[in-house]
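# Analysis of the macromolecular model
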Amino acid sequence: MGDPVSEYASRIQQQEREITFLSAEIEKLKNPETLGISSQLDELREENTRLKYRLNILKRSLQEEKSQCSKTMININQCLQEVFGNAIQAAYPDLEDSPHTVTPNQQAKFGDYQCNSAMAMAQMMKAKGLKVNPREIAEKIVQNIPDNDLIQKTEIAGPGFINVHLKKAFVSKLLTNLLVNGVQPPRLESRKRVVVDFSSPNIAKEMHVGHLRSTIIGDSMCRLFEFLGYDVLRLNHVGDWGTQFGMLIAHLQDKFPDYLTVSPPISDLQAFYKESKKRFDDEEDFKKRAYQCVVRLQSKEPEFIKAWNLICDVSRQEFQRVYECLDIQIIERGESYYQDMMTAVVKEFEEKGLMQLDEGRKIVFAPGQSIPLTVVKSDGGYTYDTSDLAALRQRLFEEKADIIVYVTDSGQATHFQLVFAAAQMIGWYDPKVTRVEHAGFGVVLGEDKKKFKTRSGETVRLMDLLDEGLKRSMDKLKDKERDKVLTPEELTKAQRAVAFGCIKYADLSHNRINDYVFSFDKMLDDRGNTAAYLLYAFTRIRSIARLANIDEPTLRKAAETTEVLLDHEKEWKLGKCILRFPEILHKTLEDLLLHTLSDYLYELATTFTEFYDNCYCVEKDRQTGEVLKINMWRMLLCDATAAIMAKGFDILGLTPVQRM
């Protein structure tokens, strides 16, 4: 489709030409037969008026949209890809699916960005029997780049690399836009519905270190989607149904026979679970009664539902302690939520002839999969496969999700591959239209490179880990004598920011696909790529304006009136680094690998340090300390750096503090 404003303008011009012609004809023709022209002329004039009215509305709407877009951050990489895409199309119109890859240049002497399409295009042409030198292709591409706001100049290097130098005025203008309007997300083409399934602990069991990664990674993904403007549903698919509840309810009835009238004082649900499991394994009568309890729970008898709710509530209180520490917002929707939907799922697979019988089980083989899903067990019961199919169907058809992400350990990759394949086979979704994926992650290792355990070999309780983090962060702050300069309230805020920030960042700064070693010593080190370093760096950047007695209104006014100069190489390097933020978000959104954002924040902090060491922001008298000169454009670069870091922290779930 073309531009609607241009279309309407063209139609109006055509109408006006016809009106002029017909008016002239009226003057010329006196024949009564020509009187019909008058009504035709009136119709055209009415149509013309309507079109002009519609055109004005479209122009206003377009102007408003343009105004809104001008406030958002621009992805420079995407802009360059568009420029090169058009140039390649103009230079080689017959070459289909031609690549237009643009990447930031690693070395400043080669420019700011680089387009490497020429070599790939040469290979494509070679496959078609055309031998063309990549440098010739690069030259032809460059010849077809029109004048634009972005590019100062291009240079062809090596076998056909096109090095791009950006216009400083363009970068300066984008920085001013950022300072005036704040960190606004890039424009979203459509507001999609996103469901993220994460955390997912089991009722009646403690949250352990294995749940840490799913909780932290899933929350950060949600924050990314939310910042970019998506409609996000955060779901906690807790294990709140199954045969284990039979033994828990039977044990509850024995230990607290008056549980229906007096709330049972279960303080340690983990111990309660172990007691019931031991009885289930050792006592045959108890095991039989546990199975009866499961049947009565599934029949939804009121007293058994109440017992189940009591057990779930105790677990929820424990989970909530963890979520409050880590600042996690999540909606619980456990396996029990989908129980009544599973029968319909089984029926749908049967009616479509996709179910097979196998030794009493009902199984589903999806195309290309060597392992089946067990949808109904030989005893008639449902399985995790059935539950996950029902959950996926509900999210697709009732939640109308456009994107669904499951954040669990990589050990469940095969299971989700089967579930997704079965859902596609039955026609629930088309992967080209709806994005459904499993975001898997590796395990947490101890410093001995083995699975993270306590000294006695037990799984590490998550609350114990968080409490240890608080203790260690306070020790770190006291080592740096921060307790002598911070108020008790500021010290507590700093303690929590460092403790929980370090635990989150240690996870998110590693590629989630890999295992990672959990080490408090490393994550609390304020040197290198750690939250401790970044939080301290952020606090220092924020303090520059404060120590120069520059308040927020002064910075706001300066942003509107002061040009951001980028003459020094370190100013230029920092300015470009700041503006790569939308590119980083775009890449992270594509692969959901959050370490890309972590690495960028560390790069931004170190680039800022280079800038600050080489460019005076505030010039003081060396003897008196009196402020002699403030280089306001550099103060604005400090402000822009802090703004991007703050937003990056927010996406990663870190909480910076003003003083540390």
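Residues numbered from 1 in each chain as written. Predicted model: local features only at pLDDT ≥ 70, side-chain atom pairs only at ≥ 80, totals over all residues. Heavy atoms only, no water.

An unreviewed UniProt entry lists the chain under the name Arginine--tRNA ligase, cytoplasmic, with Aldrovandia affinis as the source organism. Regarding the chain, the UniProt comment filed under Catalytic activity (unreviewed entry) reads as follows: "tRNA(Arg) + L-arginine + ATP = L-arginyl-tRNA(Arg) + AMP + diphosphate". Reading the Subcellular location (unreviewed entry) entry of the UniProt record for the chain gives the comment "Cytoplasm, Cytosol". (UniProt positions renumbered as here; feature names shortened; annotations may be inferred.)

Mapped onto the present numbering, the UniProt feature "domain: DALR anticodon binding" (unreviewed entry) falls on residues 534-660. Secondary structure across residues 534-660 divides into 68% helix and 6% strand, with the first and last C-alpha atoms of the span separated by 12 Å. (Helix = DSSP H or I, 4+ residues; strand = E, 2+ residues; numbered from the N terminus.)

Tracing the backbone through its elements, the reader meets proline 553 in helix α19 (residues 552-561). Expressed as a C-alpha distance, the spacing of proline 553 and glutamine 123, which sit 430 residues apart in the sequence, is 56 Å.

What follows concerns the layout of surface pockets. Roughly 1,100 Å³ of internal volume is contained in the largest pocket. Forming the walls of the largest pocket are 32 residues, and the residues nearest its centre are Met73, Asn75, Gln78, Pro186 and Arg187. Among the elements of the structure, α2 (36-71), α3 (76-91), α6 (168-181) and α21 (581-591) are those that each provide at least two residues to the lining of the largest pocket. The dominant element in the lining of the largest pocket, judged by the number of residues it contributes, is α21, at five residues. (1 Å grid on protein atoms, 1.4 Å probe; cavity = no way out; pocket = protein on both sides within 12 Å on 5 of 7 lines; lining within 4 Å. Points joined across faces, edges and corners; volume = space filled by probe spheres on them.)

A few words on unusual backbone geometry. Although it is not a glycine, glutamate 359 sits at a positive phi angle of roughly 50°. Turning to its location among the elements, glutamate 359 is positioned in the loop between β8 (356-358) and β9 (361-364). The residue asparagine 549 is not glycine, and still its phi comes out positive at about 60°. Following the sequence through the fold, asparagine 549 ends up in the loop between α18 (531-547) and α19. Asparagine 549 gets classed as exposed once you look at its relative accessible area, which sits at 70%. (Buried < 20%, exposed > 50% of the residue type's maximum accessible area, 1.4 Å probe, protein only.)

Let's shift gears to the nonpolar core. Core analysis: the largest hydrophobic core is formed by 169 residues, its most contacted members being Leu212, Phe225, Phe518 and Phe581. Apart from the residues within four sequence positions on either side, phenylalanine 225 is in contact with Val194, Val196, Tyr230, Val232, Ile403, Val405, Leu589 and Leu592. In terms of nonpolar packing, the next biggest core, distinct from the first, is built from 33 residues, Ala401, Ile404, Phe420 and Ala423 among them. (Core = buried A, V, L, I, M, F, W, Y, C linked by side-chain atoms within 4.5 Å. Contact = heavy atoms within 4.5 Å.)

So, about the packing of helix α8 (residues 244-255) against helix α9 (residues 269-282). Put simply, α8 and α9 touch, their axes get as near as 9 Å, and they point 100° apart. Classified by the angle their axes make, α8 and α9 are roughly perpendicular. Residues Gln244, Met247, Leu248, His251, Leu252, Asp254 and Lys255 of α8 form the contact with α9, whose participating residues are Phe272, Tyr273, Glu275, Ser276, Lys277, Arg279 and Phe280. Here the contact of α8 with α9 is composed, by residue class, of six nonpolar, three polar and five charged. (Axes fitted to C-alpha atoms, helices over the stretch in contact; angles between N-to-C directions. Parallel < 35°, antiparallel > 145°, perpendicular 65-115°, else oblique. Nonpolar A, V, L, I, M, F, W, Y, C, P; charged D, E, K, R; others polar.)

What the rule picks out here adds up to 46 salt bridges. Arginine 279 is paired through a salt bridge with glutamate 283; the nearest N and O atoms lie 3.4 Å apart. Linking arginine 527 and aspartate 525 is a salt bridge whose minimum nitrogen-to-oxygen distance equals 3.1 Å. Looking at arginine 527, the relative accessible area reads 62%, which means it is exposed. (Salt bridge = Lys/Arg side-chain N within 4 Å of Asp/Glu carboxyl O.)

The next subject is the sheet that holds strand β2 (residues 113-115). Read from one edge of the open sheet, four strands run β1-β2-β4-β3, paired in antiparallel fashion. Both outer strands of the open sheet, β1 (102-104) and β3 (151-157), are each paired with one neighbouring strand and no more. For this sheet the average axis-to-axis angle between neighbouring strands, irrespective of direction, equals 25°. Direction of pairing for β1 relative to β2: antiparallel, over a ladder of three bridges. Residue pairing for β2: proline 104 is matched across the bridge by tyrosine 113. (Pairing = 2+ DSSP bridges.)

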